[in-house]
Structures are given as C-alpha cells and as structure tokens.
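Each chain, letter by letter, is given below.
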Amino acid sequence: MIDWITPIETEALLISFKVSFTAVLISLPLAIATAFVLSKPDFFGKALLDGLVHLPLILPPVVMGYLLLISLGTRAPLGQWLQESFGIRFIFSWTGAALAAGIVTFPFQVRAIRLSIEAIDPGLINAAKTLGAGPFDRFTSIIMPLALPGIIAGAITAFAASLGEFGAIITFVSNIPGETRTLPLAIYSAIQTPGGENAAGRLVVLSILLAFSGLVLSDIANRHIKKRMNQ
Amino acid sequence: MIDWITPIETEALLISFKVSFTAVLISLPLAIATAFVLSKPDFFGKALLDGLVHLPLILPPVVMGYLLLISLGTRAPLGQWLQESFGIRFIFSWTGAALAAGIVTFPFQVRAIRLSIEAIDPGLINAAKTLGAGPFDRFTSIIMPLALPGIIAGAITAFAASLGEFGAIITFVSNIPGETRTLPLAIYSAIQTPGGENAAGRLVVLSILLAFSGLVLSDIANRHIKKRMNQ
Amino acid sequence: EPITLFAAASLTGVVNEATNLFEKETGIKVRLVFASSSTLARQIEAGASADLYFSANIKWMDYLVKAALIKPETLIKTLSNTLVLISPKYLSLDSLATIDTQTLNDILGDSGLLSMGDPDHVPVGIYGKKALKQRGLWEPLHRRIARADNALAALTLVSRGETPLGIVYQTDAIHQPNVDILFGFEPEETQIEYALALTQQTSSDDAKKLLNFLSSARGLALFEKYGFTILKDYQRSQPN
Amino acid sequence: MSLSVKIKHNIESFDLDINFESSKHGLTALFGPSGSGKSLTINIIAGLITPKTGTIILNGQILFSSEKSINIATHKRRIGYVFQDFRLFPHLSVKKNLLFGAKRARISPTDDETNSLIKLLDIEHLLDRYPKHLSGGEKQRIAIGRALLSEPQLLLLDEPFAALDHHRKEDILKLIETIRVKFQIPILLISHSISDVLRLSNQVHLLSSGRIVPADIQTNLVSLPDSANGTLKTLSRINGVIEEIDVKNQLIRIGFNEGRLWKNLITRYSVGENVVVKIDPDDVILSLHQLSHLTTLNQLKAKITKVSFVPINHVYISLLVGCTTIHCRVGSDLYMSLGLCVGDEVYTIVTRFSIDRVVI
Amino acid sequence: MSLSVKIKHNIESFDLDINFESSKHGLTALFGPSGSGKSLTINIIAGLITPKTGTIILNGQILFSSEKSINIATHKRRIGYVFQDFRLFPHLSVKKNLLFGAKRARISPTDDETNSLIKLLDIEHLLDRYPKHLSGGEKQRIAIGRALLSEPQLLLLDEPFAALDHHRKEDILKLIETIRVKFQIPILLISHSISDVLRLSNQVHLLSSGRIVPADIQTNLVSLPDSANGTLKTLSRINGVIEEIDVKNQLIRIGFNEGRLWKNLITRYSVGENVVVKIDPDDVILSLHQLSHLTTLNQLKAKITKVSFVPINHVYISLLVGCTTIHCRVGSDLYMSLGLCVGDEVYTIVTRFSIDRVVI
Ligand SMILES: Nc1ncnc2c1ncn2[C@@H]1O[C@H](COP(=O)(O)OP(=O)(O)OP(=O)(O)O)[C@@H](O)[C@H]1O
Ligand SMILES: Nc1ncnc2c1ncn2[C@@H]1O[C@H](COP(=O)(O)OP(=O)(O)OP(=O)(O)O)[C@@H](O)[C@H]1O
Ligand code: MOO
Ligand SMILES: [Mg+2]
Ligand SMILES: [Mg+2]
C-alpha cells in the first residue's frame, strides 16, 4: 500500500486518520451526553439546545471555520486565554483540525444516539429503578449499552464525515503540510497543480479505503453486539 | 423580515429553501428503501452498498461536485442521455444543486432511518405476517410508520445539512445568481470580500432562522406521533 | 526551523518547483501553505505564523498592510498574469482578433454560459469583470456567467465542454490541453498583480533569502515558464 | 379440516421432535412445563420458524414439506395467532389493530360480527386508544380479537388467558368453542391451566423437552400430571345428553347410558344437546352403601373394574357405570381399611358443583 | 413491617382511589377484573407513577406524601418488583440480569443464597444465555429471581405465575412463603388465579374500577367472586396444628379446636406447626347421619348457624365445628327437600384431596 503513494500522501493519510479519530473520540462523550439530555421530555431551552447542536450543519463549513478562526485565533481573547492559561493552541495545529471536524460532525452523532436512546423501552428503565439503580447508574448500565447501535452509527458517520471535511479545516487551521494537511486538503492542493489529477485520484482512493476500513470495523462491532443479544 | 435584507439575499434564501426541500423530498424515498435493504441480515454485496452510501460523506464535497460534473454534465454520456431522452439538465440549474445536496446528505438519512428500522421489534413484523400482510404490505403498514422517528430525524438532518452545503453545489452547478446561488454561496462570497463580514453575518442569521423553522416543524411532527401513540 | 510561505492556491505548481530549487541550493526548509488569498490573509490576521505571504490579489495584501501585519518595505510586485478567453477544444473555434457582444453571443448560443471566477470575490473573476466592463461587455453578458469558486473550477467547466466560453488565467490555460485560447486580454486591461512580502512577525533571515530568491532572475524565469508575465519595472512599492 | 404436524428442529442445545395430528375441527391442547417447546412448535406451524425437516399439512394443503421443498409464506397460511406477548401494533389504534387482519382476510367479517365480538371482549371503550397504556388483560383481549377477526383457517393460541380474570375468560372460552364449531377450524391451544385445557380440548398432547410424551388420551379418559406428586391424574369423562334444564333451581340433568348426573347450570345449554363433562377423581367419594339425606343427588351405582396403586400411596379406582368409566382417587390406607376389591359394587358420590370443575 | 397505602390518581378517564393497609409481613393480594387498576396501584407504590394525592408508608418510612411533599425516588425505595411483562434487560446475560439488583442491594445475598435460588428456579442451564430467545416461563422465572435477589423491603408481584407450569409455580409459591416468613417483608400479589391468591394471601382486596370494594375478609373467611353467577363464594378457613404426619400413607392430620381433618401430604410440614387450610364450599357434602364405609375420613359433626340464599338459587350454609366456621354450598332444591334448619346438627364430609384445593 505504501508502495504506490508518496511519503507526503502517506503523511496526509495519517493526519486524516489522526484528526478523524481524535474528533470522534473527543466529541463522542459529549454527543452521548447531549443526546441523553435532548431525549428527555420537554425542558426549558430544549429547542434552543437542539438548534445549537444543528448549527454546524446549517452553516457552511467555511463559515464554521471562520467562526473558529476569529474566536480561537491566538489574537482572539478566548484563544489567547486558552494559550496563556493552559498552553492549548488549536489554530494551525492538527488538534484544531480535529476540533473543527468534531464540531462539524457533532450533529450526526447526536442525532443517531438520540434516536437510539429514544427507542429504548421506558419499562426497562423503570425496571432498573426498582432494582436500585440511580440516575447515573441507569445511564451507564442500561441506557448507554442499549443505545450502542446509535453510538456506533453516530461514531462511524462522524468518522466518515470527518475524513471528508474540508472547508472548516482549511479555513480554521489552514493547509499546513505535516500538521493540518488532511487527505481532502491534499486533494485540493493536487488539483491546483497542473497535471495533479492523478495524484488527486490516488488520494481519493486512499480516502475511500480508510473510510471502508472504518465501516468494516463498525460493522464487526455491531454484529458482535447483536450476536451476543441473540444468544 | 424582508426589510433588512436585500432582494438578492431574499432570492438566495428562497433558492436555498427550494434546493434543500427538493433535495430531501427526492432523496427521502430512496433513502428509506436503501435503509430497509441495509437493515436486512447479511446479503451479498451489503458491505459494498453500505460503503457506497457513505461515499458522499467520505469524499470532500468539491470532489463530489467534480464527480457529478463529469458524470452528469451535458457532455458526459449519462448527462447527454438524460438531456436528450427526458430533457433533464442538472448542470447550472437549481435542480442540479438539489441533486448535489441530496446526494451529499443521503448518508445521514439512510443512517437515521436504518437505525429506526433496526430497532423495530421483529415480533411485530411476525404478527403482521400471521395477519396476512405480505412483504410490501408490511413495509408500508408496519415498518414505515414505526420508523417514522428515524425518517423525520433523517429528513431534518438532511434539510439542515443541505442548507449548509457548499462545495458540491458550487463545483457542480456553479454560482448563478437567481438560479443556483444558495445562502452558503452568498455567505461565502461575502466572507471572501474584505469587509464583507456584516453581510455574511446577516446571511448566517437568515440560514439559522430557516433551519430553526425546519427544526420546529419536525419537532411538532415528532410530538404529534408520540402523543398519538401515548393515548 | 523551516520557514513558512503562505501562497495563493493558484501559485501551487510554480511555487512548489521554485522552493524545491531553493531548498536544494540553500538547504533551508520551506513549508508551503496553499489556500485562497483571502483565507490566508484572514489566517495571518488571526495569528498564523507565516514568514511570507504571496497573494494573487493586491487587495488582500493591502488589507494586511493596513492591519500592520506585513513589512511594507519588503513588498514586491513582481508578477503579473494575463487573462485569456478560452473555449473547449471540441468546438474548434478560430482565435479572435477582437471580441464584441455579437461574437460572444454567437458562440454562447441560446443557453451557453461564460464561466469565470466569481466576480464578487474570486480574484480571477474580479479581474475578468474589470476587463469585460472596460470593453462594454459586462452589461450584456453579466446574466450569462457561471461563477466558479476559483480559477481552476472555471477552467474545468470549459475543459469539460460544459460552457462554450470561459475567462481564466493564461497560466492555467496553457497547461490545459482541452481548451483553445481564443483571445488574450491586454495586461493593462486587468492589471493583475501578485504581491509578495515578509510578514511583520518574521525575523528570519532565511525568509528574506527566499523572498530574494523568488524575485531573482532565476526565480522569475521559472514563473515565466509557467506563463506568468514579469513586470518589467517591478519595484519595491510603497503601500498606497 | 385437519392439521397434521411432523417436524424436527433444533436451536442450539434444544431439540424439537414433534409429531401429531389434530382432528377435524378439534381443539388440541399442547401442555407441558415451561421451556418444553410449545411456543416453538406453534411458531413453526405458523411459518415464523423454518424447521430442519418435516411436513405440516393443513386441510390437505401442504404448508411445509422439507422433502418437496414447499414452504408457504406465513402471510399466505391464513393463521390466527394469539401471541404469548400480545404484539399489538403500537402505532395503530385499538380499532385499527383489531381490523388489521380482517382487512386482509379473503372474506372480511361483517360489521355485525365485528361489533358483537368487540362487545363480547368488552373493549368498546378502548377502540380509539393506543396500545401503549392498556392494562395487561386489555391487551390480551385485543390480541384475541385481532386474531379471530382475521378469519383464520387455523387458530394458534399461546397462553391466551394468562392475563384475564375469570369472568372474561369464561366469555372467551365460550367464544372459542363457538368458533370451533361454527367455522370448523382446528385450534391449537397452549395453556398452563389444566381446567382450561380440559374444558376446551378434545385432545391433549403432553410436551416434555421437545417431545410429545405418551399420555392416556382416550375419548373417555384424560390423564394429566398431578400437582401433588408428579404422577398422572386420571379424569372421568362422561358423554351425555342434557335431559332437563331446571332454571328455577339452576340445575341441569345429564343423562348417559346407565345413569344421570345433576350439575349446576353455567352456560346456556339446551335440552337434547350432547355434552361431555369431566369429573376430577379427587371429587369423588365412594360409599359401600346407598346413602340418603345428603346434600347431593349424584349417587351412581358402579362396579370396581380396576385398582391401580400409584407410587406415593394413593390408589386409583376405576369403576363402570353402564359402559362409562369413572375414576376416583383414594388414600391407600382407606382403600385397605374398607377392603375394596375389583368387582365390588359401590356408590360414587359427587356434588353438583364438582362436575366439570377440574383442578390441579 | 407494614405497608399503608392511601392514594388518589387519575389518568384520562380512569380514576383510582385506593386505601389499604398491609399488615406486618403479610401477603396481600390485589384481585379484580382486567383493567381495574391493579398494575397502576403497584406502579404507584413502586414510585414509577406519582399519584395526584395521598400517602404511602412502608415500615414507618414515608415513601410518598403529597401533603408533606415527600416523594422518595424509586431506586431508593428498595422494592422488588416482578413486572407483568418481565422486563429483562436484553443486553445482559441471564446471570447479569439476576444479579442486577443484588449488586445494588445494601446487603447482597451470599453466593449460597444466590445459587440455591437459581437451583430452585431451575435456570442453571440458562445463566449464560441472553433473554431474547428464552421461553415465556423462563423469562418469568428469571424476573422473579432478579426481584428476590435484590433483597427488597417490599415485594410487588404482578401476575408472577402467568407463564408458569404447575410444578414450577408450586416451588415458587413455597419460596415466596419462605421469604415472607424469613425476611418479614410485606408482599403485594396481583393474580387472576384464586387458588394462588387463597393459597398465599392473608388478605385479599377486591378491586373494581379503581376502587377497593368491600369483601368479607375475616380471619376465618374469604369471600371471592364465584365463576358461575357473579356472586361471592365464601371459603372456609381453618386454623389448625399438624398433629401427625403419616409418611407411609402420605397423610397428615390437622387438629383444630373441636375436630380433626386428614389431608394429603404435599409440602414438607412438620409436626406441631401451625397451618391454615381452606376448603371450597363446593367440596363439602352434608349428611344428616354419621356415615361409615366411605372413602374419606373427614366427617365433622357441625351445627348449622346460618343459611343465606344467594340470588341464583343456591344456599350457603354456615356451620360451626367448635368455634370454627365451615361453609357449604348446596342447591336450594336439595336444601328444601332435606329440610335443613339453623340449629340442626349434620355431618360435613370432604375428601382429603379437597382440602386446600380451591378453585373457581
Ligand atoms: N397511561 C395510561 N393512560 C390512560 N389509561 C391508562 C394508562 N395506564 C393504564 N390505563 C388504564 O387504567 C386502567 C387500569 O389499568 P391497570 O394496568 O392498572 O389494570 P390492571 O388492573 O392491572 O389490569 P390487568 O389485570 O388487565 O393487567 C385500565 O383501564 C387502563 O386502560
Ligand atoms: N432462538 C432460540 N435460541 C435458543 N434457544 C431457544 C430459542 N428459542 C427458544 N429456545 C429454547 O427452546 C426451548 C423451548 O422454548 P419454547 O418457547 O417453545 O418454550 P415453551 O414450551 O413455550 O415454554 P413457556 O411455557 O415457558 O413459554 C426453551 O428451552 C428455550 O430456551
Ligand atoms: O488562489 Mo486565489 O487567491 O483564489 O487566486
Ligand atoms: Mg411459550
Ligand atoms: Mg395489570
């Protein structure tokens, strides 16, 4: 596999993987929590929260990237504070790319997980209550495992979408080789080069392969769960 | 509302709505069918189909737009055939924008619907069988209604994402004012102009309002279903 | 420590080759960051650690100069580009001596469009609009324009034969075998100016070396090879 | 109409090997401990599970045959199935649930039929509700109604009375008898209640670990596991004719070859009707002499034909009244002390309320 | 330990207004037709539904009080609830389901306790399986085990035997009695089976349309709806002591103030133990004379103390044996023809198998 691609392309592949993986890893817990909150019956501000969660979908990725740039840039107050207090710098670093990808793909995760949580039979939750399980206990021992199909679906969708994310990343963290240049950015650069179509095509194939391996993994995980419950 | 936005912006708003609405309307039936097929136990080519469905997510939108261009352009065989046989022309028309948006947001719809279908108790399907319902009958009378939460979630996510879709649309149908210039294209234009931040901000607010109205509508629909089943 | 050059995406090919040469000769590592001039400008504004900024558009350079993020004394306007009117090869059109509404309308037919960068924000589109305006062609044609996201997207539309006409950079057109150049605009009509400068934050000598290399005779020869025009009386200009 | 089932199947460690015939419009009960394969068997008959091998024939039509590679799809089998877990459609109102099968039946029930069923099931007030918040028994009644309205050719009932109170159960039991007689369709019943099974069924198959175990199931004899000690309990089964109905005293007189029995009036019997009544051997007292001044009229002179000792010191005594056999269980101590012998003539005594009131 | 419930609630058109006390370690049965509010009541007691007004007090602790605005969360109420629809966790193995409550209990059951319960429920072979493909009765047994292992302070059983065969039900019935005695916790049982209810309960509340309707529930007397005609059926309830166990003849002798009864040996009784046995009035025959040569030893001399006519031409005769009341149902025709009167001395006859074998 490494034979027919250049080291620069391998680098982009690895960055893409790192960015997408981190994006999903970091945003998943938050997505689960958000989905759980949104699955509750009406509460004050639910519509607003729901809208907020969808925001990254509604806005063009470039706009999301721009908003991140002006709020987390080293010259922006929030960005400065993060840098000075914790030494965290998102801008122009792969962690920023992961952040952008995580935010942009957040809505998919929440949606999928929320669907699964809402499909859980409330009778089971009640049964857990009578057996002495408190709210947090129920969340970890009943709700999370039963929402697993949604969590896996959300994670894989977010992973795939992160692999394809372009606008928010290039706008927020720019296109820095070896740091933020993911596969889509590499594809973009290749297209901008006269005669770069071949390289672009190869990178597209790489993207697809990477995503497929993610899909296959999630499929195996899903099967495993289902098989267990069918025993 | 029309007071503080320019006629050009109103136009973009209307096109955005038209494009997103059409995208969802057209792709939804196909997404339902695809989700149904993918919810079946293993069959030959399932992994491939699953991968194919995810493709628009994995590929950067610009690449999707490019692929559409080279396959559905008036000079591409398929595009030519569509044009000559049915007089359908996607390129440079808002229908092409809807097509691009529909394809790019297709994976979300399939995911959400599939999750809902897979959560249906097989016992209910079996009950329908014993009551004389054949496969198509079961699909329309049991599976579709029970998957409604997923269908609604998928539709609203796709609608929101269509509103934000940029890369595939501009690459495939370019940016023709009054025809294909959706809100993101207008926003993008504004941002890329030095000092265009205000205009961009206004358009972002418009996008958000449009998406929120979609969210509220879907929420009402969801509530209606749940309330009925809780009677 | 490599030096970082923020360069307009439309310069990707040539800048890659030039810096390769520079790296080989000097051993100085260069990190190349390509995006649209506007994106890069906004990123420099947000604190990107770029040493050099190579814009395809003087407006974004001015924007940064005003924001005091550029060392104005290092600003050089070396390169120019020209716009060409192109059409797909399969139409086998003859080159035109001059252009007027009639000829263009004839080529466009009933439904054809002219593709170019978005005249609202994409540099190549802004230049193209300016050129068409001066020839009195903008008014009759402006409703028949397919606005592309960038110069290459406009070129793609023509090379795929989706639009019978397009206005693109000469540098892009000469690398695309599927298009014919019908007409070349005069450099004066468009006044396309690329601008290269050191950023305010850089203190690197290496950056200066790269700037010098890119504006040296050898550097300029490379740009010429890619179809750029070298401004004869290029100078280190002051901001206006 | 008849049903013939001969199937082999296995899932994981469970082996099923079932073979029975259900006679023309008969009600066959599958009886057996939890996990013995009852639900599995009727799922296979319904076509919801495909067995490894075997044949299933309903009224001459092959529903399944592994040899001939026939496997009729469930929705074409015209089956009415009341599931152990109800399985109402949550998105449909009670009314739409009820009519789901009716709409898809070849001959839909008339409005009158539908309404009278709804009335009988006592669910008129629930028609516009949705299943989610119904009580257990309400759900079960709707599940029964839904299956009956689909005009099935075969009725499969998996514990259809588990959540029902006695009165409603009585009504539905009667309804099922009516349906069996009127539509002449075979009915398969799974129930843990022996009284229901005996009340309804012409045939009982005892299942154990996936197999039908032999039980003495003649026309006049039903053997069932006895609660007390795991042995089989043998019931008397008497074929008779209603000779008289005394509404004033809520009494009916049942005549059979050599005797007559008085029974309290429960259902709307009519004079001249053939009935089968059952008597629990534990309700029968034997007296060596004819008695008078007792609060029961049911004294039948009978001859002891057989005495069988069962392991745990009880004795089953079989007696003949004419050619009808009656069974009685007696403690072996008493049997001994009374000195009963085969051939002795004794009087069998039961109360009118004990007739057809079988328990375990 | 005791439970006091006084609640009002309404959902849509259904009104609930329930008020009862359950004595110290007593087993209270809620009995009533489908849809009468039984499940609703215990859901409220469990804290799964919050009633409009009322108080619920368990062992002196206020679980709910609308006045004092107290509403203890369900998971803190320490309740063992066996749901009508089982509600096993589909993602957990049978073993993990069983231990779900145990792990969260203040005092977890010991391994020995757990294992012996698993054995008693006969589910050892299912421990590693997942709930989806268990049979109905298997699920129910696991649901019962899960609730019992959570070491509850109050046990709520909603039709816990509906899917169980007789043998297993017997075992579990015994287990529940043991738990009641050993842990001294109140138990609330919903069941449609009168025999189960009578077998287990010290107290029966009859529910109808969301209200408890008065039923004659004295220590010695249990009144229950009669299947035949909707009236109440009055059972005899005899407090006695086991005087003798005759293992050879599988017989026990129960002594009570003025008499003794012989009963077949079912459970492992011990001599000297106090027992309460019940006799169905339909199993009692009255004779004007003392009889001999009968296949039963149970003849008690008794005095008629009360005769009540019930609407549909039956007569309930109450008799005293010493100070124990025995009830007998007789057709009014026979009552007339025998010329029975209050004050008459008669002999009550029942078979040993009829004792404690109550049916409707
Ligand atoms: N959420 C609800 N909304 C409306 N009505 C309800 C709801 N839950 C229960 N009911 C109604 O309240 C009544 C009592 O229900 P409940 O479940 O307590 O009955 P039950 O006595 O347990 O009956 P069963 O023996 O059939 O289980 C029923 O008529 C039922 O339809
Ligand atoms: N899908 C399955 N996979 C493995 N074992 C199964 C499956 N379905 C049922 N079984 C097992 O097959 C046996 C028979 O199950 P079945 O449901 O037929 O029992 P049943 O006789 O209906 O019992 P019950 O009276 O408890 O409902 C049980 O031991 C059960 O655990
Ligand atoms: O890359 Mo540019 O700034 O769009 O020519
Ligand atoms: Mg079963
Ligand atoms: Mg209930």
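What counts as what
Residues numbered from 1 in each chain as written. Chains lettered and ligands numbered in written order. Predicted model: local features only at pLDDT ≥ 70, side-chain atom pairs only at ≥ 80, totals over all residues. Heavy atoms only, no water. Near = heavy atom within 4 Å. Polar contact = N/O pair within 3.5 Å; in protein donor to acceptor, adjacent residues only side chain to side chain. Areas by Shrake-Rupley, 256 points an atom, 1.4 Å probe, with all protein chains shown as cover. Nonpolar A, V, L, I, M, F, W, Y, C, P; charged D, E, K, R; others polar. UniProt positions renumbered as here; feature names shortened; annotations may be inferred. Helix = DSSP H or I, 4+ residues; strand = E, 2+ residues; numbered from the N terminus. Pairing = 2+ DSSP bridges. Axes fitted to C-alpha atoms, helices over the stretch in contact; angles between N-to-C directions. Contact = heavy atoms within 4.5 Å. Donors = N, O, S within 2.8 Å, 3.2 Å for Na, K, Ca; no water. Buried < 20%, exposed > 50% of the residue type's maximum accessible area, 1.4 Å probe, protein only. Buried area = accessible area lost by both parts, 1.4 Å probe. Salt bridge = Lys/Arg side-chain N within 4 Å of Asp/Glu carboxyl O. Expected span 1.5 Å × (residues − 1). Patch = residues over 30% accessible without salt bridge, like charges linked within 9 Å, V, L, I, M, F, W, Y side chains within 5 Å. pLDDT = per-residue confidence, 0-100.

Considerations on the site of ligand 1
Then step 1. The environment of ligand 1 is made up of 18 residues, and the closest members are D:Arg129, D:Ser135, D:Gly137, D:Glu138 and E:Ser39.
Then step 2. The local environment of ligand 1 is shared, drawing residues from chains D and E.
Then step 3. The separation between an oxygen atom of ligand 1 and a polar main-chain atom of E:Gly37 is 2.9 Å.
Then step 4. Summarising the interface, the protein chains cover 92% of the accessible area of ligand 1, which totals 640 Å² for the free molecule.
Then step 5. The residue makeup of the shell around ligand 1, split by class, is three nonpolar, 11 polar and four charged.

A look at the UniProt feature "transmembrane region" (unreviewed entry) in chain A
Residue and element names in this part refer to chain A.
Then step 1. Per the UniProt annotation, the sites labelled "transmembrane region" (unreviewed entry) are residues 12-39, 51-74, 86-108, 146-173 and 203-221.
Then step 2. Split by type, residues 146-173 is 89% helix and 0% strand. Its first and last C-alpha atoms lie 37 Å apart.
Then step 3. Spanning residues 203-221, this segment combines 100% helix with 0% strand, and its end C-alpha atoms are found 27 Å apart.

Observations regarding the site of ligand 2
Then step 1. The full set close to ligand 2 counts 18 residues, and D:Ser39, E:Arg129, E:Ser135, E:Gly137 and E:Glu138 are the nearest of them.
Then step 2. Among the chains of the assembly, those with residues near ligand 2 are chains D and E.
Then step 3. Between ligand 2 and the protein, one listed contact pairs an oxygen atom with a backbone N or O atom of D:Lys38 at 2.7 Å.
Then step 4. The contact in question runs from an oxygen atom of ligand 2 to an N or O atom on the backbone of D:Leu40, over 2.8 Å.
Then step 5. Expressed as a share of its isolated accessible area of 640 Å², the protein-covered part of ligand 2 is 92%.

Focus on the sheet that holds strand β3 (residues 52-55) of chain C
Residues and elements named next belong to chain C.
Then step 1. Strand order in the open sheet made by the four strands is β2-β1-β3-β10, with mixed pairing throughout. Of all the strands in the sheet, just β2 (30-35) and β10 (195-198) have a single pairing partner and so form its edges. Across the sheet, the mean angle separating the axes of adjacent strands is 15 degrees when strand polarity is ignored.
Then step 2. Here strand β1 (residues 3-8) pairs with β3 via three bridges, running parallel. What sits directly across from Phe-6, in β3, is Tyr-53.
Then step 3. Packing against the sheet, helix α2 (residues 37-45) makes contact with β1, β2 and β3, and its axis sits at approximately 140 degrees to β1.
Then step 4. Against the sheet, helix α10 (residues 205-215) contacts β1, β2, β3 and β10, and its axis sits at roughly 160 degrees relative to β10.

Concerning the coordination of the magnesium ion (ligand 4)
All names here are of chain D.
Then step 1. Donor atoms from the polypeptide that bind the magnesium ion (ligand 4) are Ser-39 (OG) and Gln-84 (OE1), placed at 1.9 to 2.4 Å. Taken as a pair, Ser-39 in helix α1 (residues 38-46) and Gln-84 in the loop between β7 (79-82) and α2 (94-104) lie far apart in primary sequence, 45 residues in all.
Then step 2. Classification of Gln-84 as partly exposed rests on a relative accessible area of 24%.

Description of the environment of D:Phe64
Residue and element names in this part refer to chain D.
Then step 1. For Phe-64, the position within the fold is in strand β5 (residues 61-65).
Then step 2. Residue class for Phe-64 comes out buried when judged on its relative accessible area of 5%.
Then step 3. With 191 residues separating them in the primary sequence, Phe-64 and Gly-255 have C-alpha atoms 45 Å apart.
Then step 4. Leave out the neighbours within four places in its chain, and Phe-64 touches Thr-50, Pro-51, Thr-53, Gly-54, Thr-55, Ile-56, Ile-70, Asn-71 and Arg-77.

Considering the sheet that holds strand β6 (residues 114-117) of chain C
All names here are of chain C.
Then step 1. Spatially, β7-β6-β8-β5-β9 is the arrangement adopted by the five strands of the open sheet, whose pairing is mixed. The open sheet has two free edges, formed respectively by β7 (145-148) and β9 (179-184), since each of these has just one partner strand. In this sheet, adjacent strand axes meet at a mean angle of 35 degrees when their direction is disregarded.
Then step 2. Two elements, strand β5 (residues 83-88) and β9, share five bridges in a ladder whose sense is antiparallel. By the bridge assignment for β9, Pro-88 is matched with Val-179.
Then step 3. Against the sheet, helix α4 (residues 101-108) makes contact with β5, β6, β8 (165-169) and β9, and its axis sits at roughly 110 degrees relative to β8, the strand it touches most.
Then step 4. Where helix α5 (residues 123-134) meets the sheet, its contacts fall on β5, β6 and β8, and the angle it forms with β8 comes to roughly 115 degrees.

Some points on the side chain of E:Thr114
Residue and element names in this part refer to chain E.
Then step 1. Within the element layout of this structure, Thr-114 appears in helix α3 (residues 111-120).
Then step 2. Take Thr-114: its relative accessible area is 9%, and that puts it in the buried class.
Then step 3. A distance of 2.9 Å separates a polar side-chain atom of Thr-114 from the backbone oxygen of Thr-110.
Then step 4. With sequence-adjacent residues up to four places away left out, Thr-114 is seen in contact with Leu-99, Pro-109 and Leu-149.

Here we look at the interface of chain A and chain C
Then step 1. With 22 residues of chain A at the interface, the matching set in chain C holds 23 residues.
Then step 2. Of the roughly 1700 Å² buried at the junction of chain A and chain C (both faces included), carbon and sulfur atoms supply 58%.
Then step 3. Of all residues in chain A, A:Arg75, A:Phe92 and A:Gln192 bury the most surface against chain C, accounting for 30% of the area lost on that side.
Then step 4. Taken together, the links from chain A to chain C amount to zero salt bridges.
Then step 5. Applying the counting rule to chain A against chain C returns six residue pairs in polar contact (both at pLDDT 80 or more).
Then step 6. When contributions to the side of chain A that touches chain C are tallied by element, the ones reaching two or more residues are α3 (61-72), α9 (167-173) and α10 (183-192) of chain A.
Then step 7. The residue makeup of the side of chain A that touches chain C, split by class, is 12 nonpolar, eight polar and two charged.

Considering helix α1 (residues 12-26) of chain C
Then step 1. With 15 residues, α1(C) extends 21 Å from end C-alpha to end C-alpha; this agrees with the ideal 21 Å at 1.5 Å per step.
Then step 2. Every buried residue belonging to α1(C) is among C:Thr12, C:Gly13, C:Val14, C:Val15, C:Ala18, C:Thr19, C:Phe22 and C:Glu23, and all of these are buried.
Then step 3. Looking at the buried positions of α1(C), the neighbouring elements they touch are α10 of chain A together with β1, β2, β3, α10 and α11 (217-225) of chain C.
Then step 4. Taken from the residues just after α1(C), C:Gly27 is the one with a positive phi, measuring 75 degrees.

A word on a nonpolar patch on the surface
Then step 1. A cluster of nonpolar residues, A:Phe17, A:Phe21, A:Leu25 and A:Ile26, forms a patch on the protein surface that exposes about 410 Å² of accessible area.
Then step 2. Secondary-structure assignment places A:Phe21 in helix α1 (residues 7-39).

Overview of the confidence of the model for chain A
Then step 1. For chain A, the average pLDDT comes to 88, and 97% of its residues sit at 70 or higher.
Then step 2. The least confident element of chain A, judged by mean pLDDT, is helix α11 (residues 197-229) of chain A at 82; the most confident is helix α6 (residues 122-130) of chain A at 96.

Quick word on the environment of D:Arg260
Residues and elements named next belong to chain D.
Then step 1. Note that Arg-260 resides in strand β16 (residues 259-264).
Then step 2. In the structure, Arg-260 is positioned 18 residues away from Ile-242 in sequence and 9.6 Å away in space, judged by C-alpha atoms.
Then step 3. Engagement of the side chain of Arg-260 in a polar contact is seen with the side chain of Glu-243, the distance being 3.3 Å.

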